[in-house]
Amino acid sequence: MVIEINTLLLKDDKKGIQTGAELLKKGGLVAIPTETVYGLAANALDGKAVLKIFEAKGRAQDNPLIVHIADWSMIHELTTELPQQAYKLAKSFWPGPLTLVLKKSAAIPETVSCGLSTVGIRIPDNTIARDLIRACGFPLAAPSANLSGGVSPTTAEHCIVDLAGRVDGIIDGGSCTVGLESTVLSLAHDVPVILRPGYIGQEDIEAVIGPVSMDKTIFGQFTGEVPLAPGMKYKHYSPKAEVIVLKGTKSQYINYVNQNNGYALCFDEDCDELKVPFLSLGSEHDFATQASRLFSCLREFDQLGAEKIHARCPGSEGVGLAVYNRLLRAASFHVIEL
Ligand code: TXA
Ligand code: MG
């Protein structure tokens, strides 16, 4: 089916993968499913093709891209140094939602690394993505397949809304299972450091390689020094509505929301007592479900025409930290302590 001039909507079958690979071999752009979020892919070894990603998304030219490979053997041509920790982490977590930042080789074009001496690499836990990479025969550079600043896409429909007419193809692989972007871990610094939290938590990583630190931009607003992950300084995950994160007890949240105009982004446990329209992220104890629903809820509020969203602050243990990190950014750090 042709959904708009020059954008093919492709199925996640053999033919869809083959057509996607042909478009990518010609230097085109294809939105692809991964387990985390949909990615906007181009040939990672073709600097000109990669440049089109920045144009299609409206992405700042100093924000480097993650390179996706189908298996471990593809990593060697992309890096100059593979520390022991990389082998151990790959064995434990790949394919999966963990990006490793490593010293890059000369094969990585400047448009991928954006002036850094490193490259972020991961093997996605999605067979369509890996089959597509194998059909291409080259690695795929792919940021999240949304317009820059907006909410990351977790379905093909989200990609259509943002990118139809701007890309050559979109492969529909259904809903992403994780729903939040990968954990980004740098192994290129003296001590391994988490630059972006994700489904794989600090404790999971420490169980494999020992102590890792957390970049301070994870918890707070970027303050002006050069950030280790350039993407951390940009506006992120913003729906059209204003998002406000409310910190306090359940009853404080319910009182506040019921007394103020707006929509509620709440947990299942809150629903019965709310007198305003709401969407629930799932149980307040179920961080994995919260992660998988956050972005689709934010997009749904836009469809509902919401102008203000009062979000109950999630817990920050385990995957909750990644949910909290994305929500803070969606709210441009607007937090009210109740
Ligand atoms: O799950 C994901 O990671 C998704 C899917 C498509 O794989 N991709 C994704 O890409 O979230 P993007 O571009 O939206 O976010 C990548 C983040 C940015 O904050 C970027 O600055 C950082 O990773 N990053 C990429 N390469 C880096 C590098 N060499 N050094 C430090 N940070 C890097
Ligand atoms: Mg992104």
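Here the structure is a predicted model, which is why all the values come from computation and not from measurement.

**As for the overall build of the protein chain**
Piece 1. Helices and strands together make up the secondary structure of the protein chain, namely 10 helices and 17 strands.
Piece 2. Here the C-alpha atoms of the protein chain give a radius of gyration of 20 Å, agreeing with the 20 Å that 2.2 N^0.38 yields for 338 residues.
Piece 3. Its C-alpha atoms give the protein chain principal-axis dimensions of about 55 × 50 × 35 Å.
Piece 4. With 338 residues in all, the protein chain has 57% of them scored as buried.
Piece 5. Long-range pairs, those at least 24 residues apart, make up 65% of the contacts in the protein chain with a sequence separation of at least 6.
Piece 6. Total accessible area on the protein chain is roughly 14000 Å²; 50% of this is exposed by carbon and sulfur atoms.
Piece 7. Taken as two groups, the 31 positive and 38 negative side-chain charges of the protein chain have centres that lie 4 Å from each other.

**Looking at the side chain of Arg130**
Piece 1. Tracing the chain through its elements places Arg130 in helix H5 (residues 127–136).
Piece 2. Overall, the relative accessible area of 14% leaves Arg130 in the buried class.

**So, the pairing of strand S9 (residues 169–172)**
Piece 1. Here strand S2 (residues 7–11) pairs with S9 via 4 bridges, running parallel. Following the sheet pairing, Leu8 is matched in S9 by Gly169.
Piece 2. Bridge count for strand S3 (residues 30–32) against S9 is 2 bridges, and the pairing is parallel. Bridge pairing links Ala31 to Ile170 in S9.

**Quick look at the site of ligand 1**
Piece 1. The environment of ligand 1 is made up of 27 residues, and the closest members are Thr36, Asn63, His68, Ser182 and Gly231.
Piece 2. One of the side-chain nitrogen or oxygen atoms of Thr36 is found 2.7 Å away from an oxygen atom of ligand 1.
Piece 3. One nitrogen or oxygen atom from the side chain of Asn63 is found 2.6 Å from an oxygen atom belonging to ligand 1.
Piece 4. Contact with the protein chains removes 97% of the 680 Å² of surface that ligand 1 exposes when unbound.
Piece 5. Mapped onto the shell around ligand 1, the elements with two or more residues apiece are strand S5 (66–68), strand S7 (118–122) and strand S11 (193–196).
Piece 6. In terms of residue count, S7 provides more of the shell around ligand 1 than any other element does, 4 residues in total.

**Points about the environment of Gly179**
Piece 1. Inspection of the secondary structure assignment puts Gly179 in the loop between S9 and strand S10 (183–186).
Piece 2. With relative accessibility at 0%, the residue Gly179 sits in the buried group.

**Things to note about the domain arrangement of the protein chain**
Piece 1. The domains assigned to the protein chain are domain 1 (2–218) and domain 2 (242–337).
Piece 2. The C-alpha-based centres of domain 1 and domain 2 are spaced at 28 Å.
Piece 3. With 23 residues of domain 1 in contact, the opposing surface of domain 2 contributes 16 residues.
Piece 4. Counting each side, the surface lost to burial between domain 1 and domain 2 is near 1500 Å², with a carbon and sulfur contribution of 60%.
Piece 5. The interface formed by domain 1 and domain 2 contains 2 salt bridges.
Piece 6. Two residues, Glu181 and Arg326, come together in a salt bridge whose shortest N-O distance is 2.9 Å.
Piece 7. For the side of domain 1 that touches domain 2, a count of residues per class yields 10 nonpolar, 9 polar and 4 charged.

Calculation notes
- Residues numbered from 1 in each chain as written.
- Chains lettered and ligands numbered in written order.
- Predicted model: local features only at pLDDT ≥ 70, side-chain atom pairs only at ≥ 80, totals over all residues.
- Heavy atoms only, no water.
- Helix = DSSP H or I, 4+ residues; strand = E, 2+ residues; numbered from the N terminus.
- Rg over C-alpha atoms; globule rule 2.2 N^0.38 Å.
- Buried < 20%, exposed > 50% of the residue type's maximum accessible area, 1.4 Å probe, protein only.
- Contact = heavy atoms within 4.5 Å.
- Areas by Shrake-Rupley, 256 points an atom, 1.4 Å probe, with all protein chains shown as cover.
- Lys, Arg positive; Asp, Glu negative; His and termini not counted.
- Charge placed at Lys NZ, Arg CZ, Asp CG, Glu CD.
- Pairing = 2+ DSSP bridges.
- Near = heavy atom within 4 Å.
- Polar contact = N/O pair within 3.5 Å; in protein donor to acceptor, adjacent residues only side chain to side chain.
- Domains from an automatic or database assignment.
- Buried area = accessible area lost by both parts, 1.4 Å probe.
- Salt bridge = Lys/Arg side-chain N within 4 Å of Asp/Glu carboxyl O.
- Nonpolar A, V, L, I, M, F, W, Y, C, P; charged D, E, K, R; others polar.

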